[in-house]
Every structure is written in structure tokens, then in C-alpha cells.
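Read off the chains here:
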Amino acid sequence: MRRLAGSASLRVTLAIAAGIIVISLSAMGLQYRVTARALDARQAELLTADLDAFAATYQQRRIPALRQAIDFRSRSMEPGEAIYLLQDRTGVKLAGNIGGWPVDITPVGARFDPAPVLHYALPLGPGGEAIRYRGIARELPGGFRFLTARAETPREATLAGLRRVIWPVAAGLVALALLAGWLTSRWVLGRIARVNRLADLVAAGDLSARLPEPRSSDEFGLLETHVHAMLDRIEALNRATQRLSDTIAHELRTPLNRLLQRIRTLDAPAPQKQALEAEIHATTRTFNALLDISAAEAASGARPGLVPVDLSALMAEVHDLYQPLAEDRAMALTLDAPPGLQVLGERSLIAQLLSNLLDNAMKFCRPGDSIAMTLTAEGDRLVMILADTGPGLPEAQRAEITRRFVRAERDRDVAGHGLGLALVQAIATRHGAKLTLPASEKGFRIEIAWPKLSRD
Amino acid sequence: MPETDPTPPRLPPRILIVEDDTEAGQALCAAARDLGADPHWVTTYPEGLAAAGADDFRVIVFDRMLPGGDGIDALAKIRAAGSTALVLIVSALGRAANKIEGLEKGADDYLAKPFDPDELRARLRALLRRATITVLDNDLVSFGEMEIRMKARTVHIGATHVPVSPKEFDLIAFFAANAGAVVTRMQLLEKVWNLHFDPQTNVVDVHVGRLRRKLEQAAGRPVIHTERGAGYVFDPQRAAPMDDAPA
């Protein structure tokens, strides 16, 4: 259960984190694209502004004016920022801040139009490294070749800076997203875990378990309120049942007690009085068995009241209790149980179960028969077997013999109330033990598989 | 004639009885008087609590499901009030689980209704005795020529060592603590075997029978006597069986 909650918590954590990460990374990517586009536009504007200025100059006084303007600009602009070049038709440089016409650039386009734009890299950095440019190369009337470009360096530097920031921020975001996911899942699942813990307590038999206040007014609070209301109802029903069986006990045993006390004062022969007393005691026994059965059934699967019981030792005790009786009746009662095998249980109930089974065996076996008690560990179960070589049970009866008041037809004359095996069944169920009545070649055989208590 | 206590106090021991059922209350009072005690009977839980705190009782018999409360809840209050009385719960809640609960909560004994008058007297007598002979820490307990060594867990009759099994020794020890008084099968099951239900077969009788034959053989006369279907009396010095109960 806890492992499952753990994986649910992991799933919720990851889902929330993934959501946050996808959203924030997309936002950052978009931001990057927008920035890049804005920078592009700015570069394009700068280039266009340059071209507009040159166009105006050329309009006035053609090449000489252009040459002058380029000269002027070349003085204030480093090639790392912007490049200018004006050549005459023989390739002689008239003005500019670079040495000569780059080899792989061919003039294209008309005069000072903003398009077409060329993108190229030239080794003009301070250490000869390549710088990327956006610019134009044109051939002007008269064979003059004109080239101007703006370095992309500022744009790239800005974007590189942005990228440098993006990665740590992304890493941080992932971490924060995981944290946020974890906190959210802890909060949500924590609220569910509260209810789960309560359910565990109740399942373990503590019907009065409740969640501590305060309860929030959200859906979780509502869930808790509903669960509490359910538990209150179950508890009330359970208490009513308990009260009913206590009341039955009180209302029937008290008059039985009056009868028993009065029998002694009767003026009747002693054997008659003893027979009456025996009748009352037999009634009480039936009554006890019925109450024991319903109490064991009501407590089925509940943990409170269960303590580690040394099943091996208890079987030995009960064996020793019955051994002399078996010997007197010329029956062989044997015990085969390795020491120290434990179950979680109620000692008194388990002793009663064993006692009921041995009482039965003794009742039906004849001199010379044998009764074997064995206990073996099989996996996570302790298998207790009681097998005798007595008359056994008619096949037809085996299925329903553990029901209340069911007795084999041929046993009508044998003393007993027909509740022995029903109580055995109820006690086994109360301990989570599985009872089977396997077919047996000879005699009666019952197997009870108890959940083993691991020693840790 | 009421049975005489081994060490009779000057005043008869007082027994507080808290019981709302008339018939049961009368039976309890009668049993107390039979044992030479002085019963004081109240019928409700608050009265019982008040009486338990006000007077010095040797034994308190408390019912459960009384008007006003459950005798089991009174146990802690009686103890807290400083009473040293031994408490016997007599109740219609008589399943093994009820008995164990009562004993775990501090009752000195627990008797289920309906009860045999003999059973009740045996229980009351055992409690009265325990209240008088508070400690039995002597290592050596002797009855005439019969000697029981508690630490060594051995039994000798004269110079003869009587070999007994551990369970048989537990039986003898319980008998010795109640020497001269009737001990019932149910008491033996509860105190010696720690079982709080009634097996349908006479397992206890068989055990006692064996022990009895063993001791009789060694002593040359009966040591454990059968008492008219009520139980047994351990009395190594008694010559022949005689009735314990008054008519």
C-alpha cells in the first residue's frame, strides 16, 4: 500500500514538474525567438538607414559625394562594427575601411535598395577571426562598385548572452519544478494518506479511530467528513450489536443463575437436582459457544487483542492436558511440532480451538485409535493438522459440518451441542487462518493454515 | 457450623457484595456467612464504590452491568482509593474473553453466572485465605511428614522423594496454598492451566486422579480427597474423607 502511494506520489511529482518545465521552457524559447527577431529587425533598420543616407548623398553629387561620406564614416567606424568600400571600375579603392573587395562577393541588386541583402563572414576581427555581416554589394552606374555591411556581432553577443543565461535558468526551473511537483504531490497525497491511515486503523479493528482536527473546508475536508460519518455509523451499529449480546448474556444468565441457586433449596432427590444443574450448565455452554462464535466473527481480521502466541508451545500444553485422558482411554495422542513457531493470536481462543478438536476426537475415537497433532511451517503459513483414525465423517457432511448446530445424523446420541466445529471455524477465521477438511482414507482430518508471524 | 479459618481473626472478615440481582445477592451473602464472614450488600455501582472506599473489607464481590456502572471500571477506583481488598467479579458476562479482560484489569478472580454455590464458596474461600496468608514465600511448606520445596520444585513424603511432572508440581502448589479447602475443577483449569473455558471432557479429573494415586501410594493414605462432585480437598493430615460443606 505504501509502495503504491510512493509510486503515485512519484507520478504526480513528475507530471507536475513536466508540466511546469514544458511551459517555462516554451516561454523561454519564445522569448529567445522574439529577441532574435527584434535584433534582426534592428540590424536591418541600421543597414536601411545607412543605405538611405548614402542614397541621398549619391542623389546630390554622385560618386564624389558618396566617396566623401564613406571616407567620413570609415574614420569613425571600425570594420568590426560596419564595413564600407567604394571602388572605381578598375578596382582601385576610392574610400572605405577595408583593404579590398572580398573575393567571393558578387555585386547584386540596384543602387541603394534595401534588398537583396547578403550575409557573409569576413576575417576582420582583431585576431583575424571571422565576423558575420549583413549587407549589400552593388555596382553603381559607371562601373563603380559599392559595398557596405553591418556586423552581426551585437546581435550575436546579445543572443549568446541570452543563451548563457537560459541554460542555468532552465536547470534552476527544472529543479524548482520538481520541488513544486514534490510539494504539491506531498500536500495532495498527504491529505489522501491521512484518510488511508485512518482506513488502515479501522481495518485493523480500531473502529473508534478518527482523524485529528482541524478539518479544512475543501474537497479533502469533505471526504474526511464523509469517512467520519460512515465510521460513526459503523461504530454505533457495532456497539449496538455488542450491547445486544451483552444484554442477551445478562438477561438470560441472570435468570439461569436464579434457577441454579434455587435448585439447591428444592426438596427433591439429589440425582434429580444434579440432572437439573447439568442441564443448566449445558445450556450455558451452548450459549457461551454461540456468543464466542459471534464475538470471533465480529473480530475477524481485526488486529487489536492479537499478540504473538507460541503455537508450538501452546500445542504442547494442550497435548499435555489431554495426554493422560487419551492414555486412560487407550488412545495414542501424539504431537509433532518444531519449537518456536509463532502466530499473531489470542492464546485463549487458540487453546479453545485445540481443546474443541481434541474433545471431538476423544468423543468419536475408540480404544486403540490414534490422534496425531502436527504443526509444520510451509512458506508464510503454519499448517496445523489434527488427524485421527476414528470413524471419520460421512462425505456428505464434510461441507457443512462447520455450520452452527449441524451434526452428523448418526451422532444424534452423542453428547454435544453441534457448535464445536462452528466455533473452530470462527476462531480460525478470526485469526485469518484457513480451515480445510481434506478427504481422508481413515478417520477425521482437519487442517488449519495460520498466517505465520515472522520473527523480526 | 461455619468453616474455621486457619488463623481466625478476632472479628469475622468483612465482605462487600455489590450485586443488583436479589437471588444472586442472597446466594452471595449466604456463601459469605457460610465461610464465617460478615457480608455487607449494596445494589448499585455508586453505593458499591462509596462502601469500598469507606470501610475496610477483606474481599469485595462486584457484579458487572450494575445500575450506574460496570464493576470492571470500579477496580482501578477501588485500588486508587487505597483499598487492599481482593476483588471477585461475578458477572453474566461470562465468556473466556470477558474473564481474561477482568483479570487483566486487576480482578483477583472472575466467576461467571450462572454459578454453582459450591464454586462460589470455593472462590470466596480462596480469596479470604489469600487475604490472610498474604505471602507464601517460605521455600519449605510442610504438612505433617509431607514436605514441598517451592524453589527446588520437589515433593517428599517422609524420606521418600515423590517424582512429579512440572504440571503436577503446579497442581500440588495450588492445592497446598488452599490446603483443607475445596478446590474446583474450574479453579484448577484457570489457575494451573491458565485456561478460561470449560472443556467438554474431564481432562482435569484425570490429571488430579493420577497425582492423587501417586501421592497416596507414597503416603500410604489419601492426600487429595474428592468432594461430592464439587471438587477436591488437599489435606495430607486428614485420615478419611469427610464432608466439607454444611448441610
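Thresholds, definitions, all that
Residues numbered from 1 in each chain as written. Chains lettered and ligands numbered in written order. Predicted model: local features only at pLDDT ≥ 70, side-chain atom pairs only at ≥ 80, totals over all residues. Helix = DSSP H or I, 4+ residues; strand = E, 2+ residues; numbered from the N terminus. Buried ≥ 20, exposed ≤ 12 C-beta atoms within 10 Å, placed from the backbone. Contact = placed C-beta atoms within 7 Å. Nonpolar A, V, L, I, M, F, W, Y, C, P; charged D, E, K, R; others polar. Axes fitted to C-alpha atoms, helices over the stretch in contact; angles between N-to-C directions. Parallel < 35°, antiparallel > 145°, perpendicular 65-115°, else oblique. Left-handed = near helix turned anticlockwise from the far one by under 90°. Pairing = 2+ DSSP bridges. Right-handed = clockwise from strand over helix to strand, strands pointing away. pLDDT = per-residue confidence, 0-100.

J.: I keep staring at the overall build of chain A and nothing clicks. Help me out?
T.: On a plain count of helices and strands, chain A comes out with eight helices and twelve strands. By residue count, 24% of the 456 residues in chain A fall in the buried class. Long-range contacts, defined here as pairs at least 24 residues apart, represent 64% of the contacts in chain A between residues at least 6 apart.

J.: Where do I start with the overall build of chain B in this structure?
T.: A tally of helices and strands in chain B yields eight helices and twelve strands. Per-residue burial over chain B gives 45% buried out of 247 residues. Taking contacts inside chain B between residues at least 6 apart in sequence as the whole, the part at least 24 apart equals 58%.

J.: In this structure, what is going on with the interface of chain B and chain A? I would like to understand it.
T.: One frequent convention defines the size of an interface as the accessible area lost when the parts assemble. Of the residues lining the interface, 30 residues belong to chain B; the matching set on chain A comes to 31 residues. Counting residues per element, the ones that place at least two in the side of chain B that touches chain A are α1 (22-34), α4 (96-104) and α8 (203-219) of chain B. With four residues, the top contributor of residues to the side of chain B that touches chain A is α8 of chain B. By residue class, the composition of the side of chain B that touches chain A is 17 nonpolar, five polar and eight charged.

J.: Looking at this model, I keep getting lost on the packing of helix α2 (residues 153-203) of chain A against helix α3 (residues 219-265) of chain A. Mind explaining?
T.: Two packed helices can be described by the angle between their axes and the distance between those axes. Residue and element names in this part refer to chain A. Following both chains from N to C, one finds α2 and α3 inclined at 10 degrees, their axes separated by 10 Å at the closest point. Classified by the angle between their axes, α2 and α3 sit roughly parallel to one another. Side by side, α2 and α3 meet where Arg191, Val195, Leu198 and Val202 of the first sit next to Phe220, Leu223, Glu224, Val227 and Leu231 of the second. A breakdown of the residues in the contact of α2 with α3 according to their chemical character gives seven nonpolar, no polar and two charged.

J.: Is there a simple way to think about α4 of chain B in this case?
T.: Quick reminder: α-helices carry 3.6 residues per turn. Residues three or four places apart thus point the same way. Those residues of α4 of chain B that sit buried are Ala96, Ala97, Asn98, Lys99 and Gly102 of chain B. Its buried side turned inward, α4 of chain B meets α4 (270-298) and α6 (347-364) of chain A together with α3 (71-80), β4 (86-91) and β5 (109-112) of chain B. Looking one or two residues beyond α4 of chain B, the residue adopting positive phi is Gly106 of chain B, at roughly 110 degrees.

J.: Any chance you could explain the packing of helix α5 (residues 311-328) of chain A against α6 of chain A here in plain terms?
T.: Residues and elements named next belong to chain A. In the contact formed by α5 and α6, the axes pass within 10 Å of each other and the chain directions differ by 30 degrees. Taken together, the axes of α5 and α6 lie roughly parallel to each other. Crossing hand, α5 versus α6: right-handed. Two secondary-structure elements touch here, α5 through Leu314, Met315, Val318, Tyr322, Leu325 and Ala326 and α6 through Arg347, Ile350, Ala351, Leu354, Ser355, Leu358 and Met362. Across the contact of α5 with α6, the residue classes break down as eleven nonpolar, one polar and one charged.

J.: What am I meant to see in the pairing of β5 of chain B here?
T.: Successive residues of a regular strand alternate their side chains across the two faces of the sheet. Residue and element names in this part refer to chain B. Alternating positions in β5 separate into two faces, Asp109 and Leu111 on one and Tyr110 and Ala112 on the other, with burial throughout. Note: β4 against β5, four bridges, orientation parallel. Its bridge partner being in β5, Leu88 is matched across the sheet by Asp109. As a crossover connection, the stretch from β4 through α4 into β5 is right-handed.

J.: Can you walk me through the environment of Ala52 of chain B in this structure?
T.: All names here are of chain B. Its place among the elements puts Ala52 in helix α2 (residues 45-54). Ala52 gets classed as buried once you count the C-beta atoms within 10 Å, which come to 23. Distance in space between the C-alpha atoms of Ala52 and Lys77 is 9.4 Å, their sequence separation being 25 residues. Apart from the residues lying within four places of it in its own chain, the contact partners of Ala52 are Leu16, Phe57, Ile60, Ile78, Ala81, Ser83 and Ala85.

J.: I would appreciate a short explanation of the confidence of the model for chain B in the present structure.
T.: Predicted coordinates in regions of low pLDDT should not be interpreted in detail. All names here are of chain B. With 89% of its residues at a pLDDT of at least 70, chain B reaches an overall mean of 85. Within the model, the stretch residues 241-247 combines pLDDT values under 50 with eight contacts to residues more than four positions away or in other chains. Prediction confidence for the complex, expressed as pTM and ipTM, is 0.66 and 0.84 respectively.

J.: What should I look at first to understand the sheet that holds strand β9 (residues 160-162) of chain B in this one?
T.: Hydrogen bonds between backbone groups are what pair the strands of a sheet, and the pairing can be parallel or antiparallel. Residues and elements named next belong to chain B. What the four strands build is an open sheet, ordered β6-β7-β8-β9; its pairing is antiparallel. Either end of the sheet is taken by a strand with one partner, and the two such strands are β6 (140-143) and β9. Direction aside, neighbouring strands of the sheet carry axes that sit 25 degrees apart on average. In this sheet, β9 lies alongside strand β8 (residues 154-157) in antiparallel orientation, the contact comprising three bridges. Within β9, the position partnered with Ile157 by the bridge is Thr160. Taken strand by strand, α8 contacts β7 (146-149), β8 and β9, and its axis lies near 180 degrees from that of β9.

J.: Can you walk me through the sheet that holds strand β5 (residues 144-151) of chain A in this structure?
T.: All names here are of chain A. Ordered by their spatial adjacency, five strands build an open sheet running β2-β1-β5-β4-β3, and the pairing between neighbours is antiparallel. At either end of the open sheet lies a strand with only one pairing partner, and these are β2 (93-96) and β3 (118-122). Averaged over neighbouring strand pairs, the angle between their axes works out to 25 degrees when direction is ignored. Pairing between strand β1 (residues 82-87) and β5: six bridges, direction antiparallel. By the bridge assignment for β5, Leu86 is matched with Phe146.

J.: It is not clear to me how the environment of Pro212 of chain A should be interpreted in this structure. Could you clarify?
T.: Residues and elements named next belong to chain A. Along the chain, Pro212 turns up in the loop between α2 and α3. For Pro212, a count of 6 C-beta atoms within 10 Å translates into the label exposed. In the structure, Pro212 is positioned 18 residues away from Arg194 in sequence and 9.5 Å away in space, judged by C-alpha atoms.

J.: Would you mind going over unusual backbone geometry with me for this structure?
T.: Most peptide bonds take the trans form, and the phi angle of most residues other than glycine is negative. Residues and elements named next belong to chain B. Cis geometry is adopted by the peptide bond preceding Pro114, which originates at Lys113 and carries an omega value of -5 degrees. With respect to the secondary-structure elements, Pro114 resides in the loop between β5 and α5 (117-132). Notably, Asn194 is not glycine yet its phi reads approximately 55 degrees, a positive angle. With respect to the helices and strands, the residue Asn194 is situated in the loop between α7 (185-191) and α8.

J.: Which parts of the structure should I look at to understand the environment of Cys29 of chain B?
T.: All names here are of chain B. Relative to the helices and strands, Cys29 is located in helix α1. C-alpha separation for the pair Cys29 and Leu16, spaced 13 residues apart in sequence, amounts to 9.3 Å. Discounting chain neighbours no more than four positions away, the residues touching Cys29 are Ile17, Pro39 and Trp41.

J.: Sorry, what's going on with the pairing of strand β12 (residues 445-451) of chain A here?
T.: All names here are of chain A. Here β12 shows a clear split, with Ile446, Ile448 and Trp450 buried on one side and none of Arg445, Glu447, Ala449 and Pro451 buried on the other. Bridge count for strand β10 (residues 381-388) against β12 is seven bridges, and the pairing is antiparallel. By the bridge assignment for β12, Val383 is matched with Ala449. In terms of strand pairing, strand β11 (residues 434-436) meets β12 through three bridges, oriented antiparallel. By the bridge assignment for β12, Thr436 is matched with Glu447.

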